[in-house]
Amino acid sequence: MSITKLIFILLIAFPLSAIAQNDTIRVKNKNVIMGEIKNLSKGVLTMGTPYSDSDFKIEFDQIEYMVIQRKCLLLLTQGRRRFGNVSTTKEGLVEITLEDGTKETYKFEEIIALDEIEDRFWKRISGRLDFSLTLSKANSLSQFNAGGGVDYIDEKWRIRGSVNLLNSDQENSERTERTEGQLEFYRFLPRKWYLLGDMSYLSNTEQALEGRIRPSLGIGKFLVSTNKMYLGLGLGYAYNIENYLDSSFDKTSSEAFINATLNMFDFEDISLDSSLNISPSLSESGRIRTDYDINLKYDLPLDFYIKLGFTLNYDNQPVTGGNDVDYIFTTGFGWEFN
């Protein structure tokens, strides 16, 4: 075979082989799109293509056929999770080939979320950054709020980290500072159960709290898991290491906790995330703490978003100089990355 013919064959074969490695979807109007499926979240499938500078976002209920080359982690209704290769064998149905070769078939509407699991660690991480700034001539008010988070997921684990900072200064008022951080570990188990590990930190001038470190461990179960929302309930044990602005109040304590989490999605471009944590003390008689937060987010083009949040912390036995309740409302503008 001549060199010219060989080069010609390679030039033809290479793009064809590249296309063959692409993910493929077909929508209900029979258009076929080839590229790289990145994820399915909140009822929207995100796909990158070599002929577009930006990702395509396609309503999942408009898709009737898809083939994905990489292995995927699928979250199904009723808290089921599957890991394997995904393809459509019949319109409206997906076949998942598990790692042991077993094949299972599900309806499209049973799929809540889908993530391609990359071989490289860094490709499995997504995150967000947001901030807000308020300046007012009246009372010389200045308030700055910043937040961020990262999310890692594979077939058995999910790790979530977040941090939020608040700094408020106003004439004739004491300066308000608040720092909150959290690192959560989820280990998914069969039948909608999961193990939950958590390490949280809170510094809060309103409650005279210089810093509280709180490691905890528990178990939970998804009570509701659909393609629009999930509701989880957990319980466990936590240990508090508390330092106050007045060091004479520094202490350690243990407590139980009951935790409820609610996540609502696939409501156009709006999503809601909320959690409630009730912690009765095991070592201090009559003490009970409550932490509650809720965040409403509206998605904008190019992975930007605006958000509205509310956080409340309650302690029925605050130290001298601290208040039993602290709460904040936040608004912000942010960007998500993957």
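Now for a look at the structure at hand. (Residues numbered from 1 in each chain as written. Predicted model: local features only at pLDDT ≥ 70, side-chain atom pairs only at ≥ 80, totals over all residues. Heavy atoms only, no water.)

**Some thoughts on the packing of aromatic side chains**
Threshold: Two aromatic rings, drawn from Phe, Tyr or Trp (for Trp, its six-membered ring), form a pair once their centres lie within 6.5 Å of each other, and the interplanar angle then sorts them: stacked below 30 degrees, edge-to-face above 60, tilted otherwise. Under the scheme used here, helices are H or I runs from DSSP no shorter than 4 residues and strands are E runs no shorter than 2 residues, and both carry numbers assigned from the N terminus.
Within the structure shown, the criterion is met by nine aromatic pairs. Taken together, a centroid distance of 5.5 Å and an interplanar angle of 85° make the contact between F222 and Y230 edge-to-face. On the numbers, 5.4 Å between centres and 15° between planes, the contact of F304 with F333 is stacked. Of this pair, F304 sits in strand β20 (residues 304-315) while F333 sits in strand β21 (residues 325-337), and the two are 29 residues apart along the sequence. What links up through ring pairs into an aromatic cluster is the set Y186, Y194, F222 and Y230.

**Describing the side chain of S253**
What counts here: We call two residues contacting when some pair of their heavy atoms lies within 4.5 Å.
Positionally, S253 belongs in strand β17 (residues 251-267). Not counting residues up to four positions away in its chain, the partners in contact with S253 are A238, Y239, N240, E242, S283, E284 and R287.

**Points about the pairing of strand β5 (residues 63-76)**
Threshold: A pair of strands is considered paired only if DSSP assigns at least 2 bridges between the two.
Where strand β1 (residues 23-27) and β5 come together, four bridges link them in antiparallel fashion. Residue pairing in the sheet places T24 in a bridge with V67 of β5. Across six bridges, the pairing between β5 and strand β6 (residues 81-90) is antiparallel. For C72, the partnering residue across the bridge sits in β6 and is G84. Two strands pair when backbone bridges link them, and β5 and strand β9 (residues 111-116) are joined in this way by five bridges, in the antiparallel orientation.

**Observations concerning the pattern of salt bridges**
To be explicit about the condition: Salt bridges are defined by distance alone: a side-chain nitrogen of Lys or Arg within 4 Å of a carboxyl oxygen of Asp or Glu. Whether a residue is buried, partly exposed or exposed follows from its accessible area with a 1.4 Å probe, protein chains only, as a fraction of its type maximum: under 20%, in between, or over 50%, in that order.
What the rule picks out here adds up to 25 salt bridges. With a closest N to O distance of 3.3 Å, K307 and D130 form a salt bridge. Here K307, found in strand β20, pairs with D130, found in strand β10 (residues 125-136); they are 177 residues apart in sequence, far enough to count as distant. Across the pair, D130 and K307 agree in class, each one buried.

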